[in-house]
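# Descriptive structure summary
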Amino acid sequence: MSLTVLKPGLLTTLQDGGRPGHAALGVGRAGVMDWPAWRLANALVGNGPDEAALEFTLVGPTLRFERTTMIALTGAITDARVGQQALPGWTGCIVPAGSVLQLGGMRDGCRGYLAVRGGFALAPVLGSRSTDLHARMGPFGGRALQAGDRLAIGDGAPLPGLATIEVPQLLRWGLDPQPWFDYGRAPLALLRGHHFHQLDDASQRALFENTFAISKDSNRTASRLDGHRLNLRRPLELVSEATVPGTLQLPPAGQPILLQAEAPVTGGYPRIGQLAAVDLARLAQRRPGDTISFRETTLAEATQRLARRRLRLQRLLDRIERRLESA
Amino acid sequence: MIPMWPALQMEPLAEDALLLRFGEAMELSINARVHAAAARLQERLAGIECVPAYASLLLRFDLAQWSDGDPLSSHRRLHEAVLAALQDGPETVHGTREVDIPVLYGGVAGPDLDDVAAHTGLSVAQVIARHSAARYRVAMLGFAPGFPYLLGLDPALAVPRRGDPRLSVPAGSVAIGGIQTGIYPQALPGGWQLIGRTPRVLFDLAAASPSLLRPGDGVRFRAIDPDEYQRLAAAESRR
């Protein structure tokens, strides 16, 4: 059981929940950029919480399935077709052996996920199948997928009666992406960082009042923010300390950098903010050129929102599991 | 704040991250406290990930595990647990491991050695002698898997970073950047001054413990000649 990459798309990598526990050795977590979308893609094909999925960026890959396979697409709304048949996102699809799935551009958002029933049977590296492009660690030596790559698919529970289908079959139900995908452009919630008060008065106001554009230099490590230049009252000489995804740093040039899933383990720039964890997935779906703005939040509000979303996600995961079992 | 850790400050960094700050400088004494606290907390608090840096220690925790039902309680509960765990612990700790790093100094292996000598006003032989005489501590690992930031450089050897960073520094390069010295575990872009190269493999996923160096380890550099470099490199590739 496997699939073959015919065209890799713009940037397609294998990702799972990441590689925690090794930061003290300089190994970051990496892992998916949009956590709920990845988790729901796996749930829709009946996978457990640890399976890797493909994360694709702006333009998706073209893939050939060697066997009949159940797949699900979530995240950004992506043009997807097998031959003439368009496949919807946010539901389960069974594609027959020999199918070529063409994933095109995205109508909205920046990152899509493709999960396969049974997961990808690739050897984990330090306990994870996520691709850390910067550290060159993970499946395929930590690189993005290329044309010709073959990905083994694990043994999922069989799909009775479907071995002989000739055209893709869809589940009769799907998920509403609305709560999990940021169609709106509401401000992202930001906590004040340790060095926020070192910003001059105008920059303190600008951070929460101005808009910023996601720079073309952005990647899985960080989103660079173009727009209003922020200034410190005076230069700071700092010793490096640990950083985490969501940390908003200010390098001397005054262009803020919002760290993402592949955040380096440590960094020495002033920390002017910390994105609420619940909004990391929303940031992941903003594409280069998109505008973002921040509103101030508190640790209490951010923590409550995160806990509420986890609860809502868990309820949905349970419902999906029951529906798949009864199908 | 507790008397034994006078400078300790705790700052919630994110929903699941608490930063402990022991000072603001790159100093061995402050860094020793970081490692002492890391060892203590790792031992006392289950399921906490500790990320030591020069003067701070990041704790990443599981929100649900530390909450008493109210999600807001986890930071408070962890804060209290940290204070309790550190209360009667040793304030500094010195790792017992000492790692020997053989280095071929200068030439192709260390293309910036002459510049470092010129900048410091020392001879090449003196730079090598001073760099290999000092005893270093792994203050932290970062930048790339297995990259050690070492404290203990002879102040006379401090040199600024290069104005034109290299796009690719060869694996094993031993380098100086300001008052720090370090070793590139794999080919990486870098702006530090390259003074030599070690044949030792710093990060090996096939090894039981992938990083040769761990936070708090002692490190000594030992000058070797090209023959010994070749011999050691061949031995490493057979492992």
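Residues numbered from 1 in each chain as written. Chains lettered and ligands numbered in written order. Predicted model: local features only at pLDDT ≥ 70, side-chain atom pairs only at ≥ 80, totals over all residues. Heavy atoms only, no water.

Residues and elements named next belong to chain A. Looking at the assigned domains, one finds that chain A contains domain 1 (2-181) and domain 2 (188-306). A separation of 29 Å is found between the C-alpha centroids of domain 1 and domain 2. Between domain 1 and domain 2, roughly 1,400 Å² of surface is buried when both sides are summed, and carbon and sulfur atoms account for 53% of that area. Ranking the residues of domain 1 by area buried against domain 2 places M33, C110 and R111 at the top, with a combined share of 36%. Our count for the domain 1 to domain 2 interface comes out at 1 salt bridge. One salt bridge in this structure joins R220 and E55, with 2.9 Å as the shortest N-O distance. Linking domain 1 to domain 2 there are 11 residue pairs in polar contact (both at pLDDT 80 or more). (Domains from an automatic or database assignment. Buried area = accessible area lost by both parts, 1.4 Å probe. Salt bridge = Lys/Arg side-chain N within 4 Å of Asp/Glu carboxyl O. Polar contact = N/O pair within 3.5 Å; in protein donor to acceptor, adjacent residues only side chain to side chain.)

For the rest of this paragraph, the subject is the packing of helix α4 (residues 113-120) of chain B against helix α5 (residues 124-133) of chain B. Residues and elements named next belong to chain B. It is at 9 Å that the axes of α4 and α5 come closest, and there the two elements cross at 95°. Judged by the angle between their axes, α4 and α5 are roughly perpendicular. Contacts between α4 and α5 involve L113, D114, V116, A117 and T120 from the first element and V124, V127 and I128 from the second. Tallied by class, the residues present in the contact of α4 with α5 amount to 6 nonpolar, 1 polar and 1 charged. (Axes fitted to C-alpha atoms, helices over the stretch in contact; angles between N-to-C directions. Helix = DSSP H or I, 4+ residues; strand = E, 2+ residues; numbered from the N terminus. Parallel < 35°, antiparallel > 145°, perpendicular 65-115°, else oblique. Contact = heavy atoms within 4.5 Å. Nonpolar A, V, L, I, M, F, W, Y, C, P; charged D, E, K, R; others polar.)

Another point: the pattern of salt bridges. All names here are of chain A. Counted according to the given criterion, the structure contains 32 salt bridges over all chains. Between E262 and R220 there is a salt bridge; the shortest N-O distance is 3.1 Å. Of this pair, E262 sits in the loop between β16 (257-259) and β17 (266-267) while R220 is found in the loop between β12 (211-214) and β13 (222-227), placing the two residues 42 residues apart along the sequence. Salt bridges sharing common partners tie together D182, D279, R282, R286 and R305.

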